[in-house]
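Summary of structural features
Okay, here's what each chain looks like letter by letter:
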Amino acid sequence: MYTKFFGLTKKPFSLIPDPNFLFLSSKHKKAFITLQYGLVSQAGFTVITGDIGSGKTTLVRSLLRKIE
């Protein structure tokens, strides 16, 4: 219904976070850089916290896509 009416190429409102729709606000950018640093420096733990729906999983999926 949404795809045809709005001319979308993908189904909106998916339950699986899609890194293609990542918007890097200043806080998201800081969290993404922190994740990158933790990966490059081989840190034992890198923790990103936030409320439900704040984009944590999308950030991780985006980072995984970038390193592949």
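See the structure shown above.
Since the structure is predicted, the reported quantities are computational estimates derived from the model, not experimental observations. (Residues numbered from 1 in each chain as written. Predicted model: local features only at pLDDT ≥ 70, side-chain atom pairs only at ≥ 80, totals over all residues. Heavy atoms only, no water.)

1. Quick look at the overall build of the chain
Looking only at helices and strands, the chain has 3 helices and 0 strands in total. Reading the helices (α) and strands (β) of the chain from amino to carboxyl end gives α-α-α. Expected size for 68 residues packed as a compact globule is a radius of gyration near 11 Å; at 14 Å, the chain overshoots this value by more than 25%. Taken along the three principal axes of its C-alpha coordinates, the chain extends 45 × 25 × 20 Å. (Helix = DSSP H or I, 4+ residues; strand = E, 2+ residues; numbered from the N terminus. Rg over C-alpha atoms; globule rule 2.2 N^0.38 Å.)

2. Considering the packing of helix α2 (residues 26–40) against helix α3 (residues 56–67)
Running from amino to carboxyl end, α2 crosses α3 at an angle of 50°, the nearest separation of the two axes being 10 Å. Considering their axes alone, α2 and α3 lie oblique with respect to each other. When the axes of α2 and α3 are compared, the crossing they make is right-handed. Contacts between α2 and α3 involve His28, Ala31, Phe32, Leu35, Gln36 and Leu39 on the former and, on the latter, Leu59, Val60, Ser62, Leu63, Lys66 and Ile67. A breakdown of the residues in the contact of α2 with α3 according to their chemical character gives 8 nonpolar, 3 polar and 1 charged. (Axes fitted to C-alpha atoms, helices over the stretch in contact; angles between N-to-C directions. Parallel < 35°, antiparallel > 145°, perpendicular 65-115°, else oblique. Left-handed = near helix turned anticlockwise from the far one by under 90°. Contact = heavy atoms within 4.5 Å. Nonpolar A, V, L, I, M, F, W, Y, C, P; charged D, E, K, R; others polar.)

3. Quick look at α2
Counted at 1.5 Å a residue, the expected span for α2 with its 15 residues is 21 Å, and the 21 Å between its end C-alpha atoms agrees. The elements touched by buried residues of α2 are α3. At the exit of α2 stands glutamine 42, carrying a positive phi of roughly 55°. (Expected span 1.5 Å × (residues − 1).)

4. Regarding the nonpolar core
Membership of the largest hydrophobic core is limited to 5 residues, which are Ala31, Phe32, Leu35, Leu59 and Leu63. Taken together, the elements giving at least two residues each to this core come down to α2 and α3. It is α2 that contributes the most residues to this core, 3 residues altogether. (Core = buried A, V, L, I, M, F, W, Y, C linked by side-chain atoms within 4.5 Å. Buried < 20%, exposed > 50% of the residue type's maximum accessible area, 1.4 Å probe, protein only.)

5. Some words on unusual backbone geometry
Note on backbone geometry: most residues besides glycine have negative phi, and most peptide bonds are trans. Despite not being glycine, glutamine 42 shows a phi value in the positive range, around 55°. Checked against the element boundaries, glutamine 42 lands in the loop between α2 and α3.

6. Focus on the side chain of threonine 58
Mapped onto the secondary structure, threonine 58 falls in helix α3. Once you skip the residues sitting within four places of it in the chain, threonine 58 turns out to touch Pro17, Asp18, Pro19 and Leu22.

7. Focus: the side chain of serine 62
Note on placement: serine 62 falls in helix α3. On the basis of relative accessibility, which here comes to 15%, the residue serine 62 falls in the buried class. Residues within four places of serine 62 in sequence aside, it is in contact with Pro19, Leu22 and Phe32.

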